[in-house]
Every structure is written in C-alpha cells, then in structure tokens.
Amino acid sequence: MLQRHTLDGNGGNIAIRVAEDIGPMHAHSGFKGFMKPEDMCLVDLENTQLCGAKNRTSEILMHLSRS
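Residues numbered from 1 in each chain as written. Predicted model: local features only at pLDDT ≥ 70, side-chain atom pairs only at ≥ 80, totals over all residues. Heavy atoms only, no water.

Engineer: I would appreciate a short explanation of the overall build of the protein chain in the present structure.
Structural biologist: Within the protein chain, the secondary structure is distributed over 1 helix and 3 strands. Each helix (α) and strand (β) of the protein chain, taken in turn from the N terminus, gives the series β-β-β-α. Here the analysis covers contacts within the protein chain between residues at least 6 apart in sequence; of these, 22% occur between residues at least 24 apart. Within the structure as shown, the protein chain displays about 4,900 Å² of accessible surface, and the carbon and sulfur contribution to it stands at 53%. (Helix = DSSP H or I, 4+ residues; strand = E, 2+ residues; numbered from the N terminus. Contact = heavy atoms within 4.5 Å. Areas by Shrake-Rupley, 256 points an atom, 1.4 Å probe, with all protein chains shown as cover.)

Engineer: What is the right way to read the side chain of Gln49 from this model?
Structural biologist: On the secondary structure map, Gln49 appears in strand 3 (residues 49–51). Of note is the side chain of Gln49, whose polar atom sits 3.1 Å from the backbone oxygen of Gly52. Of the polar contacts made by the side chain of Gln49, one reaches the backbone oxygen of Lys54; its length is 2.8 Å. Ignoring sequence-local partners within four residues, the contact set of Gln49 consists of Cys41, Leu42, Val43, Lys54, Asn55 and Arg56. (Polar contact = N/O pair within 3.5 Å; in protein donor to acceptor, adjacent residues only side chain to side chain.)

Engineer: Would you mind going over unusual backbone geometry with me for this structure?
Structural biologist: Glycine aside, the phi torsion of most residues is negative, and most peptide linkages are trans. The phi dihedral of Asn47 is positive, around 70°, even though this residue is not glycine. Here Asn47 is to be found in the loop between strand 2 (40–44) and strand 3. A relative accessible area of 22% means that Asn47 is categorised as partly exposed. (Buried < 20%, exposed > 50% of the residue type's maximum accessible area, 1.4 Å probe, protein only.)

Engineer: Sorry if this is basic, but what is going on with the confidence of the model for the protein chain here?
Structural biologist: Residues shown with low pLDDT carry predicted positions that ought not to be read at fine detail. Here the protein chain averages 75 in pLDDT, while 75% of its residues score no lower than 70. Per-element confidence in the protein chain ranges from a low mean pLDDT of 66 for strand 1 (residues 22–26) to a high of 88 for strand 3. (pLDDT = per-residue confidence, 0-100.)

Engineer: Sorry if this is basic, but what is going on with the environment of Ala15 here?
Structural biologist: Its location among the elements puts Ala15 in the segment before strand 1. Overall, Ala15 belongs to the partly exposed group, its relative accessible area being 36%. Through-space distance from the C-alpha of Ala15 to that of Thr57 is 9.9 Å; in sequence the pair is 42 residues apart.

Engineer: Looking at this structure, how should I read the pairing of strand 2?
Structural biologist: Sheet analysis places strand 2 next to strand 3, joined by 2 bridges and oriented antiparallel. Bridging from a neighbouring strand, Leu42 pairs with Cys51 of strand 3. Turn length for the strand 2-strand 3 hairpin, with the two strands adjacent in sequence and antiparallel, is 4 residues, and the turn residue Asn47 shows positive phi of about 70°. (Pairing = 2+ DSSP bridges.)

Okay, here's the thing in structure tokens:
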C-alpha cells in the first residue's frame, strides 16, 4: 500500500477481516513501510485482542463499526 501511495508511512491504521469474526490489525503506531508479522495483532469483532505482543490501536472501534 505504501508503494502504491494509498497511505503514508505513519498515518492511519490497517485492519482487514480474514474470517467472519476476526481480523489482523496493524498494532498501535509505527512505520508501515517496515511492518513485520510481530507488528500485527489479532482482534475479534467484540474488541478483544486475541494475540499479538503490541496493543491494538485506539482506533479499533472505528474499524469494527458497522455501517
């Protein structure tokens, strides 16, 4: 995404859904151009962090909201 200029290196957070009820999320802060697997955390749709050494972002509720 950084190479395609769809986000800058520090702005925002990334969240995707990989199953009906869980999705990995870029953990709080950090430069996305150098992300590693340990920079991710796994969060369910109830806002429970299931794994990951780094804390989920404070923006998680926006990512979990349903329109």
